[in-house]
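Observations on chain architecture
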Amino acid sequence: NLPSELEGAEYIKTACDSKNYTDTLGTFTAGADIDIYIAMDARVSPIPDWLSQWKKTPLSFASSNDVTFELYKKSFKEGENVTLGSNGQSANCVNYIVLAMTEKEIVKGDINSDGVFSVSDIVMMQKWLVCKGDLTNWKAGDLYEDNIINVFDLCLMKQMVKEIVL
């Protein structure tokens, strides 16, 4: 049950026994600007040091054998090297999965990532601004284009919806 944000991702399924290694498992060069996601078995504790530079996302999924994977994300530019480390634990877990996505076209205002801008995006933004919810795609909500999500972006969203209705 992969999250919809990762539909169409290319992936590397590492060997389960790769968890027994303590060194670098592999490296590759990004062929385009990409987001790399590491789907780490939720039973791995502590999280390996090499993932400290990655952002834990609110996304997760479960495999057919009921293993829950938590997703960590890092962006890479074309030509940058990606290094994959060990999961740091050799028992009671499976090794991680690597997923790669090129940046999808952003629909302005579509902070819930459903592919369209609508009133539901405004509601999500309002909840986020009062610390009662999360944003799925903050970049789509940065309408003021200042890399900050705030009430100015919400005002622009409301203006956009008004223009759609008229």
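Quick look at the structure, then.

Scoring rules and cut-offs
Residues numbered from 1 in each chain as written. Predicted model: local features only at pLDDT ≥ 70, side-chain atom pairs only at ≥ 80, totals over all residues. Heavy atoms only, no water. Helix = DSSP H or I, 4+ residues; strand = E, 2+ residues; numbered from the N terminus. Buried < 20%, exposed > 50% of the residue type's maximum accessible area, 1.4 Å probe, protein only. Areas by Shrake-Rupley, 256 points an atom, 1.4 Å probe, with all protein chains shown as cover. Lys, Arg positive; Asp, Glu negative; His and termini not counted. Charge placed at Lys NZ, Arg CZ, Asp CG, Glu CD. Phe/Tyr/Trp six-rings, centres within 6.5 Å; stacked < 30°, edge-to-face > 60°. 1 Å grid on protein atoms, 1.4 Å probe; cavity = no way out; pocket = protein on both sides within 12 Å on 5 of 7 lines; lining within 4 Å. Points joined across faces, edges and corners; volume = space filled by probe spheres on them. Nonpolar A, V, L, I, M, F, W, Y, C, P; charged D, E, K, R; others polar. Polar contact = N/O pair within 3.5 Å; in protein donor to acceptor, adjacent residues only side chain to side chain. Contact = heavy atoms within 4.5 Å.

Moving on, we get to the overall build of the protein chain. Check the secondary structure of the protein chain and you find 3 helices and 7 strands. Reading the protein chain from its N end, one meets helices and strands in the order β-β-β-β-β-β-β-α-α-α. In terms of its C-alpha atoms, the protein chain occupies a principal-axis envelope of roughly 60 × 35 × 25 Å. When burial is assessed residue by residue, the protein chain has 36% of its 166 residues classed as buried. By element, 51% of the accessible surface of the protein chain is carried by carbon and sulfur atoms, the whole surface being about 10100 Å². Averaging the coordinates of the 15 positive side-chain charges in the protein chain and doing the same for the 24 negative ones gives two points 5 Å apart.

All told, the structure shown has 5 aromatic pairs when counted by the stated rule. Plain terms: the ring middles of Trp 50 and Tyr 96 are 5.4 Å apart, the flat faces sit at 50° to each other, and that makes the pair tilted. One end of the pair, Trp 50, is in the loop between β3 (34-41) and β4 (55-62); the other, Tyr 96, is in the loop between β6 (81-84) and β7 (97-102), with 46 residues separating them in the sequence. Three or more aromatic residues joined by ring pairs make a cluster, and in this case those are Trp 50, Trp 54, Phe 76 and Tyr 96.

Volume-wise, the largest pocket comes out at about 1100 Å³. If you go around the largest pocket, you meet 36 residues; those closest to its centre are Asp 35, Tyr 37, Lys 73, Thr 136 and Asn 137. For the lining of the largest pocket, the element with the highest residue contribution is β4, accounting for 5 residues. Partitioning the lining of the largest pocket into residue classes produces 13 nonpolar, 8 polar and 15 charged.

Let's shift gears to the side chain of Asp 35. As for its position among the elements, Asp 35 is in strand β3. On the basis of relative accessible area, Asp 35 is assigned to the buried category, the value being 12%. Here the side chain of Asp 35 touches Ser 75 through a polar contact of 2.5 Å, side chain to side chain. With residues up to four places along the chain from it excluded, the contact list for Asp 35 reads Lys 73, Lys 74, Ser 75, Leu 99, Ala 100 and Met 101.

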